[in-house]
Amino acid sequence: MSTACLVIVFNHRYDKNIPVLEKMYASRFKHIRFLVPFYDGDRKDVIPVYESSHYFQSFFAQGFHRFYDDSFSHYVFIGDDCILNPALNESNIAEALGLDNNSDFISDINPLDHETDHTWWHTFKGIDFFNNRKGAEIKRELPSREEAVARFAKHGINVKPLTLTSIFGKKTPPDKKPFTYWLFKQFHARYKWKKYRRGKLIELPYPIAGAYSDILVISQSSIRQFCHYCGIMGAAGLFVEIAVPTALLLSSQKIVEEKNAPLKGKALWTAAEIGAIEEQHQLSLQHLTQHFPEGHLFLHPVKLSKWKNDL
């Protein structure tokens, strides 16, 4: 029988939300831990962590020895503003996502070699993998590049060199002038990244991928190595939505993505989408839990400070 530990991750310190989340989940998860930046209170279930929210993968590494227990089959990591379907609990969440004891869940994993209209600036940190932070002696802590490529391939991710369009986008960013941006691209492609250049392509010094990372389910068989690699990715200065999928690809035996899971997440990308959910449920947490959207794994974001605590 599977038993999951719920680990709620705070990007920012909102102590007032801790009892709200406890009330929301306590009847469904016997074991709940909170990772809260800079926490200095006296709750035993709150683990203080220290890092920028852009690198919250470091929270997993810092908190590991406080939330780890070999009796748990899985660890469910969710953001404090990511609300799980009320039908899910410590005993059924793994089955509901189609997980066995050696498989892990993440919403999706995306290679970075696809062309895009606009640059994703975090890709730059991936290209500068070993040079982002001075004094971070991480190379010897990671699998070799060849081994990492093989582990990615095991999960169906083929590591390819990046085109300049996949790095810089097809369009000039709105805050840049075309000629200035052209010079910016030339500096990086011809000078800063010269040693990674292969003709018109840039070869990544180490494999990376991207993913939505506000919900994860990590198995007992992966958790120790996953958290270790997350700490390394934090030391490398990689943005969390590169760090987490990369750490998972390196540590997991089997990964289930949302597209292959019975339940689908509901990410609210615009103010209009967020407003519609708030209006539909009258900003009532009780109403939300009683009328949660059918077939959805989660809603994100739900800013609890705006909602009535009427559970």
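Whatever comes next refers back to the structure up there.
Structural notes, computed from the coordinates. (Residues numbered from 1 in each chain as written. Predicted model: local features only at pLDDT ≥ 70, side-chain atom pairs only at ≥ 80, totals over all residues. Heavy atoms only, no water.)

**A look at the pairing of strand 10 (residues 215-219)**
In plain terms, the rule: Accessible area is worked out with a 1.4 Å probe on protein chains only. A residue is then buried under 20% of its type maximum, exposed over 50%, and partly exposed in between. Runs of H or I in DSSP of at least four residues are treated as helices and runs of E of at least two as strands, each being numbered from the N terminus. Note on pairing: DSSP must find at least two bridges between two strands before they are called paired.
Within strand 10, five of the five residues are buried, leaving the element largely enclosed by the surrounding structure. Along strand 10, one buried face is formed by Ile215, Val217 and Ser219 and the opposite face, lined by Leu216 and Ile218, is buried too. Summarising the sheet, strand 4 (residues 74-79) and strand 10 pair through five bridges and their orientation is antiparallel. Bridging from a neighbouring strand, Phe77 pairs with Leu216 of strand 10. As judged from the two bridges shared by strand 6 (residues 103-106) and strand 10, these two strands associate in the antiparallel manner. Bridge assignment links Phe105 to a residue of strand 10, and that residue is Val217.

**Details of the sheet that holds strand 10**
Put simply, the rule is: In this analysis an axis means a line fitted to C-alpha atoms, helices contributing only their contacting stretch, and an angle means the value between N-to-C directions, from 0 to 180 degrees. Residue contacts are counted whenever heavy atoms from the two residues lie within 4.5 Å of one another.
Here seven strands make up an open sheet; going across it, the order is 3-2-1-4-10-6-11 and the pairing mixed. Each edge of the open sheet carries a strand with a single partner, namely strand 3 (46-49) and strand 11 (254-257). Taking each pair of neighbouring strands and ignoring which way they run, the sheet shows an average axis angle of 20°. Helix 1 (residues 17-25) rests against strand 1 (4-9), strand 2 (32-37), strand 3 and strand 4 of the sheet, and its axis sits at about 160° to strand 2. Here helix 9 (residues 240-251) sits on the sheet in contact with strand 6, strand 10 and strand 11, set at roughly 165° to strand 6.

**Regarding unusual backbone geometry**
The omega angle of the peptide bond from His300 to Pro301 is 0°, so this bond is cis rather than trans. With respect to the secondary-structure elements, Pro301 resides in the segment after strand 13 (296-300). Positive phi, close to 65°, is recorded for Phe38, a residue that is not glycine. Along the chain, Phe38 turns up in the loop between strand 2 and strand 3. Despite not being glycine, Gln282 shows a phi value in the positive range, around 50°.

So, to be careful, I would describe these as geometric facts and stop short of saying anything about function.
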